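# Architecture at a glance
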Amino acid sequence: MIVDDRLMGLRVDAERFRRDFEALSEIGATGDGGVHRPALGEAHLAAREWLRDRIVAAGLEFRVDSAGNHSAVLRCGPQEAPRLLLGSHLDSVPHGGRYDGALGVLAALEALRVVSAAGVSLSVNLEAIDFTDEEGTLVGLLGSAALAGILQEAALREPRGGRVVLEEGLARAGLTEAGLFQAARDPASLAAYLELHIEQGRRLVDAGVTIGVVTSIAGINSYRLDFVGEPNHAGTTGMEDRRDAALGAASFALAAREVVMDGFPDCVANVGDMRFAPGAFNIVPGRVELALEFRAQDRDSFEHLERALLRRAEEEARRFGLGLEVEWLGKCEPTPTSIIAQRAVADAAASLGLSHVALPTGAGHDAQSLAGICPIGMVFVPSVDGASHSPREFTRWEDCVSGANVLLQAALRMAQQVGAGAAG
Ligand code: GLV
Ligand code: MN
Ligand code: MN
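Residues numbered from 1 in each chain as written. Chains lettered and ligands numbered in written order. Predicted model: local features only at pLDDT ≥ 70, side-chain atom pairs only at ≥ 80, totals over all residues. Heavy atoms only, no water.

### Digging into the pattern of salt bridges
Where we set the bar: The salt bridge definition used is simple: a Lys or Arg side-chain nitrogen within 4 Å of an Asp or Glu carboxyl oxygen. Strands here mean DSSP runs of E at least two residues long; helices mean DSSP runs of H or I at least four residues long; both are numbered from the N terminus. Only protein chains enter the accessibility calculation, which uses a 1.4 Å probe. A residue is then buried if its area is under 20% of the maximum for its type, exposed if over 50%, and partly exposed in between.
Inspection of every chain in the model, using the stated rule, returns 27 salt bridges. In this structure, the salt-bridge partner of Arg75 is Glu61, at a minimum N-O distance of 2.8 Å. Separated by 14 residues along the polypeptide, Arg75 in the loop between strand 2 (70-74) and strand 3 (83-88) and Glu61 in strand 1 (residues 61-64) bring together distant segments of the chain. Judged by relative accessible area, Arg75 falls into the partly exposed class, the value being 45%. A relative accessible area of 33% places Glu61 in the partly exposed class. Note that Glu293 is salt-bridged to Arg295, the shortest N-O span being 2.8 Å. Of the two residues, Glu293 and Arg295, neither departs from the other in class, the shared state being buried. One network of salt bridges, in which partners are shared, links Arg16, Asp20, Arg54, Glu110 and Arg113.

This is how it looks when you write it as structure tokens:
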């Protein structure tokens, strides 16, 4: 892909980008280097207000859709030209890091500011977008699924974070469930979606490479499994006589690890939560609600792993004389990125003299939602120690700037491809 010299010379303003990053990191700061900004909570909404102010201050058009997605729009192309979306999310996992999502939103905003200041015309219009609830403290990929028109009513009935938290969040943000379904965009209005993100693993640091060109995004499936026994007196009920729900749940957590390591070496499974009821020192647990999530890069393993884990949960429940209640909480399929976008990212990195490598990712991203309606691509930068979803999350600032420049240059390349009628 060849881009004209003027566009090739465009770079983000590293200092302005850094000032924004530091200011945003203060919102919901936990004092240990991390942030706590669960979707549609007070801190998240404050971060979105801050973003709106930055968009307006940059002289860009500000837009919020009925799923709460916040955007800056730069009309740098013909009136009816499709939008090239750049973005990520400002929500965080509970007690998460400063980089996950925030970096991509700010890099997208920075890219629009640079193109705006350069006064160049492209064959597309640009939009920097902050998607609602990427992390799944409510539903997961909520805003991007709504925008892509693939949000399922079932996902709202049994959300990962529970109904009450979802209802409270929507009310706090002035959103409605009906509105979520009205945020769907016409696919013809979208040219492509590109996202800068931290890798959240250790491949790039271990390889000493600056830029990751993402080839595919893991499928993610989640279930709530309830192991059901009988609450009883912890002192007077003999060990043989107990129907202890904790034993089934704990034994399943170990078994899930075994299932993956023995039969699905490229997959992962996580038991991220267990809630004991009634939950007291002196009562044999009558029920344990267990949060199970598993991920795979290909559909075959994804389906086989699902069957293997559910079978194993039944076996462990039976082994301890327990019942098992299974509630499916939704999934997104493994998603390859677009070849054109991969090329744009790799070419952009090469043009900037940055080392790059192709790699899949085990993390979920909004790009997954959009893959069915436009070409998607992702740029990764190294996570020191591979730490993420933790206050320890850290990426060297020069790598953040390199990633933002790759995003900008990849976007310019994608814009040209779309203009040449070659998107797909
Ligand atoms: C989101 O970051 C996820 O991978 O769960
Ligand atoms: Mn993220
Ligand atoms: Mn995340």
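### Some thoughts on the coordination of the manganese ion (ligand 3)
Defined as follows: Here a donor is an N, O or S atom found within 2.8 Å of the metal, or within 3.2 Å if the metal is Na, K or Ca; sites may look incomplete because water is not among the atoms.
Looking at the metal site, the manganese ion (ligand 3) is ligated by Asp100 (OD), Glu135 (OE), Glu135 (OE) and His389 (NE2), spaced 2.0 to 2.5 Å from it. Read N to C, the donor residues that coordinate the manganese ion (ligand 3) are spaced as D-x34-E-x253-H. Between the manganese ion (ligand 3) and the manganese ion (ligand 2), the interatomic distance is 3.6 Å, and Asp100 donates to each metal, bridging them. Residue Glu135 is found in the loop between strand 4 (125-130) and helix 5 (142-148), and its partner His389 is found in the loop between strand 15 (376-381) and helix 14 (397-419); the two are separated by 254 residues along the sequence. Using a relative accessible area of 40% as the deciding quantity, one classes His389 as partly exposed.

### A short note on the sheet that holds strand 9 (residues 268-277)
Test applied: Paired strands are those between which DSSP finds at least two bridges. In this analysis, axes come from line fits to C-alpha atoms, helices being fitted only over the stretch in contact, and the angle between any two N-to-C directions falls in the range 0 to 180 degrees. Note on definitions: a residue-residue contact is assigned when non-hydrogen atoms from the two residues lie within 4.5 Å.
Ordered by their spatial adjacency, four strands build an open sheet running 9-11-7-12, and the pairing between neighbours is antiparallel. The open sheet has two edge strands with one neighbour each: strand 9 and strand 12 (323-332). Mean inter-strand twist for the sheet, computed between neighbouring axes without regard to direction, equals 15°. Along the sheet face, helix 10 (residues 245-263) touches strand 7 (219-228), strand 9 and strand 11 (287-296) and points at about 175° away from the line of strand 9. Each of strand 7, strand 9, strand 11 and strand 12 touches helix 11 (residues 299-319); the most contacted strand, strand 7, lies at about 10° to it.

### A look at helix 3 (residues 42-57)
Helical geometry note: an α-helix holds 3.6 residues per turn, so side chains three or four residues apart project in the same direction. To keep it simple, the criterion reads: Expected span of a helix: the number of residues minus one, times 1.5 Å.
Taking 1.5 Å as the rise per residue, helix 3 with 16 residues should run 22 Å; its terminal C-alpha atoms sit 23 Å apart, in good agreement. Among the residues of helix 3, those classed as buried are His44, Leu45, Ala47, Arg48, Trp50, Leu51 and Ile55. After helix 3 finishes, the residue Gly59 shows a positive phi value of roughly 75°.

### Looking at the coordination of the manganese ion (ligand 2)
Six octahedral donors around a metal ideally sit at 90 or 180 degrees from one another, while four tetrahedral donors ideally sit at 109.5 degrees. For the manganese ion (ligand 2), the protein coordination sphere consists of His89 (NE2), Asp100 (OD) and His197 (NE2), at 2.0 to 2.2 Å. Read in sequence order, the donor residues coordinating the manganese ion (ligand 2) give the pattern H-x10-D-x96-H. Judged by relative accessible area, His89 falls into the buried class, the value being 0%. The class of Asp100 is buried, set by a relative accessible area of 6%.

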